[in-house]
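The primary structure of each chain is shown beneath.
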Amino acid sequence: MRTGYGVETVRAAERALMARLPEGALMRQAAAGLAAACGQLLGRTYGTRVVLLVGSGDNGGDALYAGARLARRGAGVTAVLLAPERAHEGGLAALRAAGGRVRVAPGAVVEGVAEPVGDIVARADLVVDGIVGIGGKGGLRPAAVELADLVREAGVPVVAVDLPSGVDAGTGEVPGPALEARATVTFGAYKPGLLIDPAREYAGAVRLVDIGLGPQLPQVPDVEALQHADVARLLPRPKAESDKYRRGVVGIVAGSGRYPGAAVLAVSGALRSGAGAVRYVGPGAEAVVTRYPETLVSEGPPGHAGRVQAWAVGPGLGDEPAARHAVDEVLDSDVPVLVDADGLRLMDMDAVHARTAPTLLTPHAGEAAALLGVAREEVEAGRLAAVRRLADQTGATVLLKGSTTLVAEPSRPGSPPSPVRVNATGTGWLATAGSGDVLTGLAGGLLAARLSARDAASAAAYLHGLAGRLATDPPAATDVATALAAAWQDVLRTD
């Protein structure tokens, strides 16, 4: 599992560790990992050209010490200083002693030789971004923007030091201009901004360098990202004495005369969830049973369909009065309930707050924005804040769909907040009609298999994203549902 910590938590851990180490030891250790990563990306070090973009903070010092290591291995290294009066003195001395060159940006000279920064960048094989550290706010400043533009125009690969300059380390927001990296070398712990879009998109491949920070960090992180082994431990597996009711029965309330496909797709996800049986309720019964004859179908209402261990309601319901009644009836039940799509618009918020059984909401950014009463752009720009706020506002577990799916539980008085779960297995190909309906059925089935709302949402998002990658591009939603079986097997092989 990858765990991410906020800026102040990381800084406190660094201070505690530095108090027990010789001065500069931590920075040199970080620089060694950074230099090794740069060497791997270059393929060879001797004879290459490396440009360091150096700001005034410790990230600039890391870049300078790493540049000194690369220079000693035969690279031609030039540091471009954005704030020469505040550049890290020890790092600067180390680079010069190793034969590196220094330039002040923009408009000065390199050790007495006039040479435009643009020409230096254009000839580089690699740029190391040490402009702004994890405390940076508000995007890049104008001088840094000028350098970032030169790098983009030259098309030179960038390695970011700790995180790409211009992104918010703690939230994943990108409030202004930022420098996109091909790879990011981060130290001690992942930061939320490296795991959450839109900032994650700027980070490229992320490599964590262990600098001994682990014992100084709290046990509960701010965010966590499950991996294969974590998901494998969550997935339900039938025992020898299992029957379909012990494995769990999930009820699906979806589809309408206008959107019968939503019913079929939601059922397809539920059938691949590990639940023992699927009950479908709604006007799409004929389409569902024609495609999936193992489904137990009913025209409704939900309370007359038979026993279930969880309900999933919402995809393709439309606006008919019967749809609203179905949502109300499901929310009035005493089993876990997942609400998606039209169900989010039709649900009564008082009924959600009154529930004692688990509730899982699965909005995309637009639906989350409507529930929060804000613009969609605000949710997309600040996904971490939005999912936490929506969970607290509704009292439900929330799965916020998107390029990085986020899962948050509501805060509980007197208890520390549980980490927001981040899933990055998804692919842009999943942005297709019906894909979310498959996810609804899958997560609902995992609820029926007695996973908690948080675990059901997390495992479903992981499997759904993995299925999107395993399906043949470009996949339709039906292809994603079919690929869920392969996704299960891929995950279970790690256990």
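In this text the structure is predicted, and so the values were computed from the model without any measurement.

J.: Is there a simple way to explain the overall build of the protein chain in this structure?
T.: The number of helices and strands found in the protein chain is 20 helices and 20 strands. Taking 2.2 N^0.38 as the reference for a compact globule, 495 residues should give roughly 23 Å; the C-alpha atoms of the protein chain span a radius of gyration of 26 Å, in line with that estimate. Projecting the C-alpha coordinates of the protein chain onto the three principal axes gives extents of approximately 85 × 45 × 45 Å. Within the protein chain, the proportion of its 495 residues that are buried is 56%. Summed over its atoms, the accessible surface of the protein chain is roughly 20300 Å², and 50% of this surface lies on carbon and sulfur atoms.

J.: How should the UniProt feature "binding site: K(+)" (unreviewed entry) in the protein chain be read in this particular structure?
T.: Per the UniProt record, "binding site: K(+)" (unreviewed entry) is found at Asn59, Asp129 and Ser165. A maximum C-alpha distance of 9.8 Å is found for the annotated residues, which run over 107 residues; spatially they form one tight group. Position of Asn59 among the secondary structure elements: in helix 3 (residues 58–72). What makes Asn59 buried here is its relative accessible area of 6%. Apart from residues lying up to four places away in sequence, Asn59 is in contact with Gly130, Val132, Gly133, Val161 and Asp162. Its place among the elements puts Asp129 in strand 7 (residues 126–130). Residues within four places of Asp129 in sequence aside, it is in contact with Leu53, Val158, Val159, Ala160, Val161, Leu163, Pro164, Ser165 and Leu179.

J.: Got a minute to help me understand the pairing of strand 3 (residues 76–81) in this structure?
T.: Within a regular strand, side chains alternate between the sheet's two faces. By the criterion of burial, strand 3 is predominantly enclosed, with 5 of the 6 residues buried. Pairing between strand 2 (residues 49–54) and strand 3: 6 bridges, direction parallel. Within the sheet, the bridge partner assigned to Val50 lies in strand 3 and is Val77. In terms of handedness, the path from strand 2 via helix 3 over to strand 3 forms a crossover that is right-handed. Where strand 3 lies against strand 4 (residues 101–104), 4 bridges are found, and the strand directions are parallel. Across the sheet, Leu81 pairs through a bridge with Val104, a residue of strand 4. A crossover links strand 3 with its parallel partner strand 4, the connecting element being helix 4 (residues 89–97), and its sense is right-handed.

J.: Help me understand the sheet that holds strand 16 (residues 337–339), please; the structure alone is not making it clear to me.
T.: The strands that make up a sheet are held in pairs by hydrogen bonds between backbone atoms, and each pair lies either parallel or antiparallel. On the basis of which strands lie adjacent, the open sheet formed by 11 strands has the order 1-11-20-19-18-17-16-15-12-13-14 and mixed pairing. The open sheet has two edge strands, strand 1 (2–4) and strand 14 (296–298), and neither has a second partner. On average, each strand axis in the sheet is tilted by 20° relative to the strand beside it, whichever way the strands run. Summarising the sheet, strand 15 (residues 310–313) and strand 16 pair through 3 bridges and their orientation is parallel. Bridged to Ala312 within strand 16 is Leu338.

J.: What exactly am I supposed to notice about helix 20 (residues 477–492) here?
T.: Structurally, the α-helix is built with 3.6 residues per turn, so residues lying three or four positions apart point the same way. In this model helix 20 runs 23 Å from its N-terminal to its C-terminal C-alpha over 16 residues, within 8% of the 22 Å that 1.5 Å per residue would give. Among the residues of helix 20, those classed as buried are Ala477, Val480, Ala481, Ala483, Leu484, Ala487, Trp488 and Val491. At its buried positions, helix 20 is contacted by helix 8 (228–234), helix 10 (260–271), helix 18 (435–448) and helix 19 (453–470).

J.: For this particular structure, what's the right way to read the side chain of Thr440?
T.: Secondary-structure assignment places Thr440 in helix 18. Apart from residues no more than four positions distant in its own chain, Thr440 is found in contact with Ala312, Pro315, Leu338, Asp340 and Thr362.

J.: Would you explain empty space enclosed by the protein in this entry?
T.: Empty space among the atoms can be located by rolling a probe the size of a water molecule over them. Taken as a whole and judged by the stated rule, the model has 1 cavity of 30 Å³ or more. Estimates place the volume of the largest cavity at around 70 Å³. At the level of secondary structure, the elements contributing two or more residues to the lining of the largest cavity comprise strand 11 (223–225), strand 19 (405–408), strand 20 (420–423) and helix 19. Here the lining of the largest cavity is composed, by residue class, of 6 nonpolar, 3 polar and 2 charged.

J.: So what exactly am I meant to see when it comes to the sheet that holds strand 8 (residues 158–161) here?
T.: The sheet built from 7 strands is open, its strands ordered 4-3-2-7-8-9-10 with parallel pairing. Looking along the sheet, the strands with just one partner apiece sit at the ends: strand 4 and strand 10 (205–209). Between one strand and the next, the sheet's axes are offset by a mean angle of 20°, whatever the strand orientation. Of the pairings in the sheet, the one linking strand 9 (residues 183–187) to strand 10 comprises 5 bridges and is parallel in character. Across the sheet, Thr184 pairs through a bridge with Val206, a residue of strand 10.

J.: Honestly, the environment of Val223 in this entry has me stumped. Any pointers?
T.: By the element assignment, Val223 lies in strand 11. When its relative accessible area of 0% is taken as the criterion, Val223 is described as buried. Expressed as a C-alpha distance, the spacing of Val223 and Pro192, which sit 31 residues apart in the sequence, is 6.4 Å. Apart from residues lying up to four places away in sequence, Val223 is in contact with Arg2, Thr3, Gly4, Pro192, Leu195, Ile196, Leu384, Pro419, Val420 and Val422.

J.: Quick question: what am I supposed to make of a negative patch on the surface here?
T.: Residues Asp328, Glu329, Asp332, Asp348 and Asp350 make up a contiguous surface patch of negative charge. Mapped onto the elements of the fold, Asp350 is located in helix 14 (residues 349–354).

J.: Sorry, what's going on with the side chain of Thr295 here?
T.: As for its position among the elements, Thr295 is in the loop between helix 11 (285–291) and strand 14. Engagement of the side chain of Thr295 in a polar contact is seen with the backbone oxygen of Tyr292, the distance being 3.0 Å. Apart from the residues lying within four places of it in its own chain, the contact partners of Thr295 are Val267, Leu271, Val278, Tyr280, Val288 and Val289.

The rules behind the values
- Residues numbered from 1 in each chain as written.
- Predicted model: local features only at pLDDT ≥ 70, side-chain atom pairs only at ≥ 80, totals over all residues.
- Heavy atoms only, no water.
- Helix = DSSP H or I, 4+ residues; strand = E, 2+ residues; numbered from the N terminus.
- Rg over C-alpha atoms; globule rule 2.2 N^0.38 Å.
- Buried < 20%, exposed > 50% of the residue type's maximum accessible area, 1.4 Å probe, protein only.
- Areas by Shrake-Rupley, 256 points an atom, 1.4 Å probe, with all protein chains shown as cover.
- UniProt positions renumbered as here; feature names shortened; annotations may be inferred.
- Contact = heavy atoms within 4.5 Å.
- Pairing = 2+ DSSP bridges.
- Right-handed = clockwise from strand over helix to strand, strands pointing away.
- Axes fitted to C-alpha atoms, helices over the stretch in contact; angles between N-to-C directions.
- Expected span 1.5 Å × (residues − 1).
- 1 Å grid on protein atoms, 1.4 Å probe; cavity = no way out; pocket = protein on both sides within 12 Å on 5 of 7 lines; lining within 4 Å.
- Points joined across faces, edges and corners; volume = space filled by probe spheres on them.
- Nonpolar A, V, L, I, M, F, W, Y, C, P; charged D, E, K, R; others polar.
- Patch = residues over 30% accessible without salt bridge, like charges linked within 9 Å, V, L, I, M, F, W, Y side chains within 5 Å.
- Salt bridge = Lys/Arg side-chain N within 4 Å of Asp/Glu carboxyl O.
- Lys, Arg positive; Asp, Glu negative; His and termini not counted.
- Charge placed at Lys NZ, Arg CZ, Asp CG, Glu CD.
- Polar contact = N/O pair within 3.5 Å; in protein donor to acceptor, adjacent residues only side chain to side chain.

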